[in-house]
Amino acid sequence: MKFDSPRLAERRQGQNTLTYLLHQRTKIRVIHYACEAFINPYNRTPRITSISVYDLDKKQVESFSLHLSAQEMGLIDQELKEHELDIVEKDFLNKFFKYIRSNKSCKWVHWKMKDFTYGFQVLELRFKSLKGKPARVQHESKYDLSEILKQLYSNKYEPKGDIGKLLSLAKRNGFKPVRALTGIEEAEAYIQKNYHLLHHSTQKKVECLAFILEEAACDKLKVAARFYHIYGSDFTGFVKCAMEHPTYSVLSMLATFYPFYSNLLPSKQILVSGVTPVLGIMKELLGL
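How each quantity is defined
Residues numbered from 1 in each chain as written. Predicted model: local features only at pLDDT ≥ 70, side-chain atom pairs only at ≥ 80, totals over all residues. Heavy atoms only, no water. Phe/Tyr/Trp six-rings, centres within 6.5 Å; stacked < 30°, edge-to-face > 60°. Buried < 20%, exposed > 50% of the residue type's maximum accessible area, 1.4 Å probe, protein only. Lys NZ or Arg CZ within 6 Å of the ring centre and 35° of its normal. Helix = DSSP H or I, 4+ residues; strand = E, 2+ residues; numbered from the N terminus. Expected span 1.5 Å × (residues − 1). Arc of directions from axis to C-beta. Salt bridge = Lys/Arg side-chain N within 4 Å of Asp/Glu carboxyl O. Pairing = 2+ DSSP bridges.

S.K.: What's the story with the packing of aromatic side chains in this structure? I'm lost.
M.R.: Any two aromatic rings considered together are summarised by their centre-to-centre distance and by the angle between their planes. Under the counting rule described, the total for this entry stands at 10 aromatic pairs. Each ring, one from Y99 and one from W108, has its centre 6.3 Å from the other, and the planes form 80 degrees; the classification is edge-to-face. For the residue pair Y99 and W108, the accessibility class agrees, reading buried in each case. One Lys or Arg, K165, reaches over the ring of Y157 and ends 4.7 Å from the middle of that ring.

Right under this line is the structure:
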């Protein structure tokens, strides 16, 4: 018997996307970037400070940043003038887009990089403004992890809190986002010209995204949403939730072998052995 509802259909879509991505893991690149404040005194597209890309298969991070390029050019971060920042920024963006060109078949997992406020389009526009020629990542190759989590667990998967959903979710699951800055902290680091802090923050956040992706794909991710958020509040959601519970497989096995052991146990004992796990599931789902 198939149990379905709009909430379960949405969850199934998220599960299918994760399954597809994990089967393509050699092509998966997790990406995150940092920039100056969206509203800046120059009335232009915000300057990009660092980009990190995580190879899911090799578990390696490739970084492109003002910090690294300045070092390669023999410049000191905090002494960079505006025109020097343009040169250094163009240098690492050029390297980043070369990386994209050499990885055309990759699938890009990101966190809300979907518009001209914060997204792939911003990276392209910024490089164009520096007289560069960006490579474009096709829309069908982009996967917003925050949207996938909504499909899996509903939009109640994690409250925003003081540090944002991403870092809050990481902490809930035991991932220590050391050196990962909040959005406000990143803006302040830019003002203080602490570009190395932005470099390290972006690296840590991309590792954080990869961790969450893997945990969700293995169905191990801990979330704030309750079962009725995840599966829906109707009967089909309850049944589906119960079927995905670990005890369900035990009950199925007992039912399969019942004809073989029914003559070995008293009927009352059989009844208790079958009902007790069911009561356990109900207590867990209802939070009793």
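S.K.: Just checking my understanding: could you explain helix α3 (residues 82-101) for this structure?
M.R.: Structurally, the α-helix is built with 3.6 residues per turn, so residues lying three or four positions apart point the same way. Here α3 contains 20 residues, and its C-alpha end-to-end distance of 28 Å stays within 8% of the 28 Å for a straight helix at 1.5 Å per residue. Inspection of α3 places L85, V88, E89, F92, L93, F96, F97, Y99 and I100 among the buried residues, and these make up the whole buried set. End-on view of α3: buried residues confined to an arc of 165 degrees, all on one side of the axis. Along α3, the residues that are exposed and aim more than 90 degrees away from the buried face are H83 and K98.

S.K.: Just checking my understanding: could you explain the pattern of salt bridges for this structure?
M.R.: Any two side chains of opposite charge can pair if their charged atoms end up close together. Using the criterion set out here, one finds 20 salt bridges in the structure. Among the salt bridges present, the one from K95 reaches D91, with a minimum N-O distance of 3.2 Å. One end of the pair, K95, and the other, D91, are both in helix α3, four residues apart, so they sit about a helical turn from each other. Take K95: its relative accessible area is 31%, and that puts it in the partly exposed class. Note that E124 and R136 form a salt bridge whose closest N and O atoms lie 3.4 Å from each other. Taken together, the positions of E124 in helix α4 (residues 120-129) and R136 in the loop between α4 and β5 (142-144) put the pair 12 residues apart, joining distant regions of the chain. Taking relative accessible area as the criterion, R136 reaches 58% and is therefore assigned exposed. Within the structure, one salt-bridge network assembled from shared partners comprises E36, R44, R47, E82, D86, E89 and R126.

S.K.: Sorry if this is basic, but what is going on with the pairing of strand β1 (residues 28-35) here?
M.R.: Extensive coverage of β1 is indicated by the burial of eight of its eight residues. The alternating pattern of β1 places I28, V30, H32 and A34 on one face and R29, I31, Y33 and C35 on the opposite face, and all of these are buried. For β1 and strand β4 (residues 107-110), the ladder comprises three bridges, and the chain directions are parallel. Bridge pairing in β4 links R29 to W108.

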